[in-house]
Structure formats: structure tokens, C-alpha cells
Amino acid sequence: MPEPAVVSIDIGSTYTKGGLFSVERGGLRLLRQAGMPTTPDDLSRGFDAVRGVLAAEADYACARVYFSSSARGGLKIAALGLTPDLTLSIARMAACSAGGKIVKAYSYGLTEEEIAELEALAPDIILFTGGTDGGSEKTNLRNARLLASSGLASVILYAGNRKIQSDILALLANKEAVAADNIMPDVGVVNIEQARDVIRRIFLDKIVDGKGLSRIVREAGTAPKPTPLAVYDLVQAIPAACPGWDDFAVIDVGGATTDFYSHTESFHGGDAVLLKGVREPILKRTVEGDLGLRVSVEALWASERAFLGERLRADGLDAGAFAAYVRSVASRTESMPATPQEEAFDCLLAGACVRAAARRHAGTMARVFSPQGAFYVQKGKDLTRVGRLIGSGGYLSRQVDGRVLAQACAGPADADERLLLPENPLLYADADHLFPLLGNLVTAFPEAAPRAAIAQLLRLDSTR
Amino acid sequence: MNIILGVIGSDCHSVGNKILEAFFSENGFHVINLGVMVSQDEFIDAAIEAAAKAILVSSLYGHGEIDCEGLRQKCTERGLEDIILYAGGNLVVGKSPQEAVERKFKALGFDRVFGTNVDLH
């Protein structure tokens, strides 16, 4: 009689992978893993195949299945706010932390051209914000009228000035419109939880539209989790279940995006330190859609051209061969490096993803001189106290040294302005690449799943 | 009624700022206090989001004129053509007669200008 077990499967846009975990005395132990390319025409084929391998011994055929799906490559969200540094920046935070990919961001009043742009982009959701509760109304009302008379089929989520919420919904009566609490109820106050929940619900509805998924849902008896939510939920559960894990970060470098999660207090205050702009949440996730090793590799090269050029010269690598490699793997999403040179290229690309994602996620500290002496002004999130950094995703989970992951850490600092990157954290690899799979199990196993995630980490030496 | 309050520029005097916040709140205003070392754009961003009727700018370290220059025009450019702007504090370096200071700041677009000793009512 085998021990009780559960199956966790993630149906990714490129790969369907799963794990069989035994549930013994409240802990989760990996028994077997399996994976195969996703079958987009009928998602249940790949799903059934992976499940078949995992439950190879008939005894596990009845194991409960938890699964996630990434909805055809992710949820496209267009963010609309009033001012770029206030409501728009908070709207971006809400969209990212809900696992969406921000395809466009707009501020102030929409123009006819911008509406046409939106119609062409056809995002899944338009996150429509602006104004404090009881504050600005005119621009939102005008934007609502423009959206209503457009040809947009996106779901419109209104999370702006609460005072005009019913007016806005009335104007959008011919569209699929929903509302959530204002993401900025008062100047500088961040309130993204409800918007996040609504986005998650929409995400779920959209995923189950995917081919073959409704059958899986019926059989499994549960709805899928949106894949980006799986890792987010896992990261959120770690501090409570794992002593000593309060200030940590996770970087997930994939073929299409690099996701950066930080769990740490964003602002530490102090006598001569001021925070400018909004105060970021303890758990923050950013998703960089132009930093990836395959699908987005050409975008990565464009964004990080200067850095990559410099590294190619410093490492004595052939720039022409590099360019050819980048062009070639952009369309061969499953390809693995075949030669030492190609391995070196992938290493460089991964390092560029890690470095750029960290620099975008981290805040800054500037020294300002005033008649009262030197003061420090912080913007964004302080990552300097992140004591542990985990690399996840296919590439980083296979690393045995900290070379690539260390690119996320602080370098020599400029006295007047510096990025608040992690300083000498302990480095780890998600060695069995279990984070997404354990993320599916967090709701059912709120302590065992995070513990299992931490237990299988491989500690890396940092070599810089 | 929403009003925006803050100390402009590289100035971190905060006691007066807290007194003003308390006074205006007690008199029925919803005060959005941006604190110290506030830039022109931060005042305006907040005023836009909150549809504020007025921006009250404090400056106590004598460099008010440079910090406040252009604020009225920026407000107009950014859609706040009719917003009320008050300036107060120790607005200039050295001792200038109050009328001169008032003239200077009204020329900068401020509706009312206050010196260091003011009856808040």
C-alpha cells in the first residue's frame, strides 16, 4: 500500500511538466518528475501523457492532481493611470503582482491614436485607474467615453476614483467592465490587493477557455491556478513556514520572461533618509517581457546591447557568432547549447537577464545636500537586506555555482547615487526546478509546500 | 476640500509643516501633506490625482524663489489652470520688507504670500 501522494502539473506555453509527491507525516517528498512539449491544439494530450508517466505504477493513479496553466503565454494587460509617478506606477504594480504582462501603459487622457493602438494590441485586460477617492474625475469620465465607443473587446477593470465608479460602469455598459477598490485611495497610498484578486479571477476564466482544459478541470475536480500565481503564492508562504526566511528574493529566468520576486521591507527609514514616491509592498514581483533566453532573446539583445557588447569583448568571445546564435535560438525555443561556445553564450545571456531584472526591480538612494547637511532620498524598494537569493527557471536551476546569479548583487557604489541591490546574499539554486510545481500545492499544503521548496535548494558558492 | 501641503526643495524643516497640517485639518480641509523636500512635480501630481483646490508651498531656508519659479506655469501646462497657490515661510535670504517679498512671489503666480509671523486664522 503506497503512501498517500499528490500530482502537480504545470501546462506551460512551451513545456508541460509534472511531479509526483508523497505526502508523509505532513511533509512533501518528490518521488518522480516528467515533462514533454506542450500540445497546444489539445492541452489535455500533453497533460494526460505526463500524468501517465508520473502514475506509472497503478497505485498512484488515484493521486489527487493540482495543476496550473499559463493561458497561451500569459495575460496581456494594458495599464491606464492619471499621472505616471502616482496612479500609473501603482497600476503597474498591481498588474505585475497579479502575474500579468504589461503590454502598454498610458497616462492622462487617451487620444484617438492610443485607442487605435489598444484596439490593435487587443489586451486581455485594461486596468483603468486614476484619481484618489473623491479626487480627479474629468479625465476618467472622458476616458470611459472613449473606451465605450471603441471597438475594444478587452475586459475593463476600473480601479480608480471610487466616487465615480457607478458612473464609469454605466458609461461602459456596452463593454465587459468590472470594478475593484481604488489602487490609490489617497495620494501615495498603495492598495492593490482587490485589483489583484479580480485580475486573477479573470485570468482563470480566460485559461479555462484553452483547448482541452475544461475536460481536465472536470476530471481533476479543481480549477487550474494561473502559472504566475503559483510561484507568487509559494514565495508568499515561505516566511511563515521557514524560520530565517524573511528577507529573500527569487529570480526566475525563462525563455520569454524574467520574473523577480522580493520579500523584504521596502523602506527602513532612519534619521536622514526620506522616501519619495510610493512605498512599495513587502512582497513585490516584476515581470520583464524583454528579458528571456529564447522567445525574447532578440528583445534581450536590443535592451542590453551595451552590456552584452562589453562582456563579449571582456570574455574574448566572437561577436559575430554570438549574433548568429541569438538569431538562431529565437525561433528554436527548445534548443539547448551544443558546444562550449554556445554554453558561454547562454551564460552571458542569462547573466544579462539576471543583472537587468535586478536593476529594474531595485530602488535607488541618492545623497542630497541641504542647508541642514547631507540627506538621503530613496525611491523604490530597498533590496540591500535581502540575505538569500534563489535562482529558478530552467537555466538557473541547473547552475552549480553562483557566477550568473551573483550578477544581481551590488557592485562598487557611487557615493552620490546607488542602486539598492542585494549585498552579498547567500546564493541558491532551485535545483529540481520545483518552485512552479510546489506553487500549485501551496493552497492545499500551506506549510509542507514551502518547506519542501526550501529543503531542496542547492547552496551555491559565489564566484565573482 | 482637498489641499496639498508641503515644504519645497532641498528643505527638511518639518515642524511648521506639521502645525499647518493640524490647523487646516481642524478647519475642515482634507490635507494631503507631502512632507519635506518636495519637488514641483510632486506637488502637481498630487494636486491632479486629488483634484485639489489649492497647493500650499512652505519654504524656510531662504531659497524659495528659485524653487518656486515656474510652478504656476507648470500647473497651467499640466491642466491646473485655476488652482490656488499660496507660499509661506522664510521665503528669501536676508531681511527684505514683506511687501517686496509679496510682490516677488505674486509675480511668480502665487495668490497669497505669507511671512514668518502669521496669524493662521
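Keep in mind it's a predicted model, so treat the numbers as computed, not measured. (Residues numbered from 1 in each chain as written. Chains lettered and ligands numbered in written order. Predicted model: local features only at pLDDT ≥ 70, side-chain atom pairs only at ≥ 80, totals over all residues.)

Caption draft 1: Here's a closer look at the nonpolar core. Ranked by size, the top nonpolar core spans 168 residues in total, and within it Leu127, Leu157, Leu234, Cys353 and Ala449 of chain A together with Ile4 of chain B carry the most contacts. Among the elements that make up this core, the one with the highest residue count is helix α12 (residues 340–361) of chain A (10 residues). (Core = buried A, V, L, I, M, F, W, Y, C linked by C-beta atoms within 7 Å. Buried ≥ 20, exposed ≤ 12 C-beta atoms within 10 Å, placed from the backbone. Helix = DSSP H or I, 4+ residues; strand = E, 2+ residues; numbered from the N terminus.)

Caption draft 2: Structural view of the confidence of the model for chain B. A residue-level look at chain B finds 99% of positions with pLDDT of 70 or above and a mean pLDDT of 88. In the predicted assembly, ipTM is 0.79 and pTM is 0.85. (pLDDT = per-residue confidence, 0-100.)

Caption draft 3: Quick look at the packing of helix α8 (residues 227–241) of chain A against helix α15 (residues 448–455) of chain A. All names here are of chain A. Interhelical geometry of α8 versus α15 gives an angle of 90° and a closest axis separation of 8 Å. Judged on the interaxial angle alone, α15 and α8 are roughly perpendicular. Residues Leu234, Ala237, Ile238 and Ala241 of α8 form the contact with α15, whose own contacting residues are Ala449, Pro450, Arg451, Ala453 and Ile454. (Axes fitted to C-alpha atoms, helices over the stretch in contact; angles between N-to-C directions. Parallel < 35°, antiparallel > 145°, perpendicular 65-115°, else oblique. Contact = placed C-beta atoms within 7 Å.)

Caption draft 4: The arrangement of helix α4 (residues 138–148) of chain A in detail. Residue and element names in this part refer to chain A. Looking at α4, one finds that the buried residues are Thr139, Asn140, Asn143, Ala144 and Leu147. All buried residues of α4 project into a common sector of 135° when viewed along the axis, lining one side. Residues of α4 that are buried make contact with β5 (75–81), β7 (125–128), β8 (155–158) and α5 (165–171). (Arc of directions from axis to C-beta.)

Caption draft 5: Representation of the domain arrangement of chain A within the structure. Residue and element names in this part refer to chain A. When cut into domains, chain A gives domain 1 (5–72), domain 2 (75–204) and domain 3 (229–460). Domain 2 and domain 3 are separated by 28 Å when their C-alpha centres are compared. Taken together, the contact between domain 2 and domain 3 spans 10 residues of the former and 11 residues of the latter. The residue inventory of the side of domain 2 that touches domain 3, partitioned by class, reads 3 nonpolar, 4 polar and 3 charged. (Domains from an automatic or database assignment. Nonpolar A, V, L, I, M, F, W, Y, C, P; charged D, E, K, R; others polar.)

Caption draft 6: Region of interest: the interface of chain A and chain B. Counting residues at the interface gives 20 residues for chain A and 14 residues for chain B. Elements with a contribution of two residues or more to the side of chain A that touches chain B: α2 (84–97), β15 (364–370) and β16 (373–379) of chain A. Its residues placed into classes, the side of chain A that touches chain B shows 9 nonpolar, 8 polar and 3 charged.

Caption draft 7: Region of interest: the packing of helix α10 (residues 305–314) of chain A against α12 of chain A. Residue and element names in this part refer to chain A. Across the interface, α10 lies against α12 with an axial gap of 11 Å and an inter-helix angle of 140°. Of the possible angle classes, the one that applies to α10 and α12 is oblique. Crossing geometry of α10 relative to α12 is assigned as right-handed. Mapping the contact onto sequence places Phe307, Leu308 and Arg311 in α10 and Leu348, Ala352 and Arg355 in α12. (Left-handed = near helix turned anticlockwise from the far one by under 90°.)

Caption draft 8: Geometry of the sheet that holds strand β17 (residues 388–392) of chain A. Residues and elements named next belong to chain A. Strand order in the open sheet made by the 6 strands is β14-β12-β11-β17-β19-β20, with mixed pairing throughout. Each end of this open sheet is capped by a strand with a single partner; those strands are β14 (283–288) and β20 (458–460). Looking at each pair of strands side by side, their axes are set apart by 20° on average, direction ignored. Pairing of strand β19 (residues 426–429) with β20, which is carried by 3 bridges, proceeds in the antiparallel orientation. Within the sheet, the bridge partner assigned to leucine 427 lies in β20 and is leucine 460. (Pairing = 2+ DSSP bridges.)

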